[in-house]
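Single-letter residue listing:
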Amino acid sequence: MEISESLQEFYHRNQVPVFPSCLLHTGLGHFNVFSRDNCALVSPYSRRDYYKISLIIGKGKLHYADKWIRIDQPALLFSNPVIPYSWEADNEEQTGWFCLFTDQFLQNGTRLGNLQDSPLFKIGGTPVFFVNDEQQKSISDIFEKMMTEIQSDYIHKYDMLRSYLHILIHETMKMHPAESFEPYQNASQRVASLFMELLERQFPIDSPEAFLKLKTPNDYAESLSIHVNSLNRSVKEVTGRTTTQQITARIIQEAHALLKHTDWSISEIAYGLGFEEPAYFTNYFKKQTGNTPNMLRNNLV
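One numbering rule holds for all chains: residues counted from 1, following each sequence as written. Reporting in this predicted model follows two pLDDT cut-offs: at least 70 for local features of residues, and 80 or more for side-chain atom pairs to be given and counted; totals over whole chains, interfaces and linings ignore these cut-offs and use all residues. The basis for every side-chain value is the complete set of heavy atoms in the structure, and neither hydrogens nor water enter the calculation.

K.L.:
When you look at the overall build of the chain in this model, what are you seeing that I'm missing?
P.N.:
Secondary structure summary: the chain contains 11 helices and 10 strands in total. In the chain, buried positions account for 49% of the 301 residues. What makes two residues a contact is simply this: any of their non-hydrogen atoms within 4.5 Å. A separation threshold of at least 6 residues defines the contact pool for the chain, and within that pool the share at least 24 residues apart is 74%. Helical segments are the DSSP runs of H or I of at least four residues, strand segments are the runs of E of at least two, and each set is numbered from the N terminus. To sort residues, take the accessible area from a 1.4 Å probe on protein chains only and compare it with the maximum for the residue type: under 20% means buried, over 50% means exposed, and anything in between is partly exposed.

Dropping the structure here:
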């Protein structure tokens, strides 16, 4: 499985010829804004490494963990990089706008808290806000100003864009989120499938610094925006193993690969797999396999 889509991969997937390095200012993060006039009708189920706010003018389905919602009127969608989703348009009549940005861009020069704790982006929140005609015009005006500003040569244009982004967020916080999500008929199958996909996306661990971010059933449940009891029930029902057993098996599989195919120290492997102390990893590995990491590595020599 692929890992979260990066900004570079987004530009490549959408056939933007050159990744706009001018938009990557050291220490300032990234921002860009686009029209949805030529957007893909179907986007793959994926997490992203960036935040995204979309004004969707068109009809389709938003698939979101164990539920989905029909978009049949203009709507704002707030995408959190931790939570995977996919979009499936009903037809080619799709317009509107969307902007991409990193946490670093929005936080620059402000005292905002963690975006994932905000009402619009928080895990477990509702990411869709239907808008009326007046709200659509107001939101459209903000996006159009963003489109104009990003093409200008004004020296402080990114400060302006950040201000427009703040206005967009505050205007939406005045609204009420959608409450018409529908469960899938086979919700357990879908939840288990999404969990297994998300589990695989944590691997491989390419460097000791690229440490495992999701380590417990609660971590996965929050990322999928469902209750941990629902996740555990679905995974057990579909796979015959508990969520913890699935996570443990995959961590041990990765540990074997790192011990066999890299020259990383035991400490580096431990930190890469999300353990706070190498001793915790050694005890964990021995409990699951009967051998310590050093014993396994020595037997491979």
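There is more to say after this.
K.L.:
What's the story with the packing of aromatic side chains in this structure? I'm lost.
P.N.:
Within a pair of aromatic rings, the relevant descriptors are the distance that separates the centres and the angle that separates the planes. Stacked, tilted and edge-to-face are the three classes assigned to paired rings of Phe, Tyr and Trp, where Trp is represented by its six-membered ring and a pair needs centres within 6.5 Å; plane angles under 30 degrees give stacked, over 60 edge-to-face, the rest tilted. Applying the stated rule across the entire model yields 10 aromatic pairs. Between Y51 and F101, the ring centres sit 5.7 Å apart and the planes meet at 15 degrees, which makes this aromatic pair stacked. With Y51 in strand β3 (residues 51-57) and F101 in strand β8 (residues 95-101), the pair connects residues that are 50 residues apart, well separated along the chain. By relative accessible area, Y51 is classed as buried at 4%. With a centroid separation of 5.4 Å and an interplanar angle of 55 degrees, the aromatic rings of F275 and F281 are classed as tilted. Grouping residues by exposure puts F275 and F281 together as buried. One aromatic cluster is present, built from ring pairs that chain together F275, F281, Y284 and F285. Two limits define a charge over a ring: the Lys NZ or Arg CZ must be within 6 Å of the ring centre, and within 35 degrees of the ring normal. Above the plane of the ring of F211 lies K213, whose end atom (NZ or CZ) is 5.3 Å from the centre.

K.L.:
How should I be thinking about the environment of F285 in this particular structure?
P.N.:
Mapped onto the elements of the fold, F285 is located in helix α10 (residues 278-289). Placed 15 residues apart in sequence, F285 and A270 show a C-alpha to C-alpha distance of 9.9 Å.

K.L.:
I tried to follow the packing of helix α8 (residues 243-261) against α10 on my own but got confused; where do I start?
P.N.:
When two helices pack together, you describe them by how their axes are tilted relative to each other and by the distance separating the axes. Throughout, an axis means a line fitted to C-alpha atoms (over the contacting stretch in the case of helices), and angles, computed between N-to-C directions, take values from 0 to 180 degrees. Two elements in contact, α8 and α10, have axes separated by 11 Å at closest approach and are oriented at 105 degrees. Between α8 and α10, the angle falls in the class roughly perpendicular. Where α8 approaches α10, its residues T248, I251, I252, A255, H256 and L259 are matched on the opposing element by F281, Y284, F285, Q288 and T289. The residue classification treats Ala, Val, Leu, Ile, Met, Phe, Trp, Tyr, Cys and Pro as nonpolar and Asp, Glu, Lys and Arg as charged. All others, Gly included, are polar. Across the contact of α8 with α10, the residue classes break down as 7 nonpolar, 4 polar and no charged. Convention used here: angles under 35 degrees read as roughly parallel, angles over 145 as roughly antiparallel, angles from 65 to 115 as roughly perpendicular, and any remaining angle as oblique.

K.L.:
Before we go on, may I ask you to explain the pairing of strand β7 (residues 85-89) in this structure?
P.N.:
Counting buried positions along β7 gives 4 out of 5 residues, so the element sits mostly inside the fold. Here strand β4 (residues 60-64) pairs with β7 via 4 bridges, running antiparallel. Each residue of the ladder has a partner; that of K61, found in β7, is E88. Only strands that DSSP links by at least two bridges are regarded as paired with each other.

K.L.:
Would you mind going over the pattern of salt bridges with me for this structure?
P.N.:
Side chains bearing opposite charge may pair, as long as their charged atoms lie close to each other. Any Lys or Arg side-chain nitrogen found within 4 Å of a carboxyl oxygen on Asp or Glu counts as a salt bridge. In this structure the tally under the stated criterion is 6 salt bridges. A salt bridge links K137 to D141; its shortest N-O distance comes to 3.3 Å. With K137 and D141 both in helix α3 (residues 133-150), this residue pair falls 4 residues apart, about one helical turn. The class of K137 is exposed, set by a relative accessible area of 55%. The salt bridge involving E200 is made with R250; its shortest N-O contact spans 3.0 Å. In this pair, E200 is assigned in helix α5 (residues 187-200) and R250 in helix α8, connecting sequence segments 50 residues apart. The class of E200 is partly exposed, set by a relative accessible area of 27%. Relative accessible area serves as the criterion here: at 9%, R250 is assigned to the buried category. In this structure, a network of salt bridges that share partners links the residues E200, R250 and E254.

K.L.:
Would you explain the sheet that holds strand β1 (residues 31-35) in this entry?
P.N.:
Two modes of strand pairing occur in sheets, parallel and antiparallel, and in both the strands are linked by backbone hydrogen bonds. Read across the sheet, 5 strands follow the order β1-β8-β3-β6-β9 without closing on themselves; strand pairing throughout is antiparallel. Pairing within the sheet leaves two strands with one partner each, and these edge strands are β1 and β9 (128-130). Averaged over all pairs of adjacent strands, the angle between strand axes in this sheet comes to 10 degrees, irrespective of strand direction. Pairing of β3 with β8, which is carried by 7 bridges, proceeds in the antiparallel orientation. Residue pairing across strands places I53 opposite C99, the latter belonging to β8. The strands touched by α3 within the sheet are β1, β3, β6 (75-79), β8 and β9, with β1 carrying the most contacts at an inclination of about 120 degrees.

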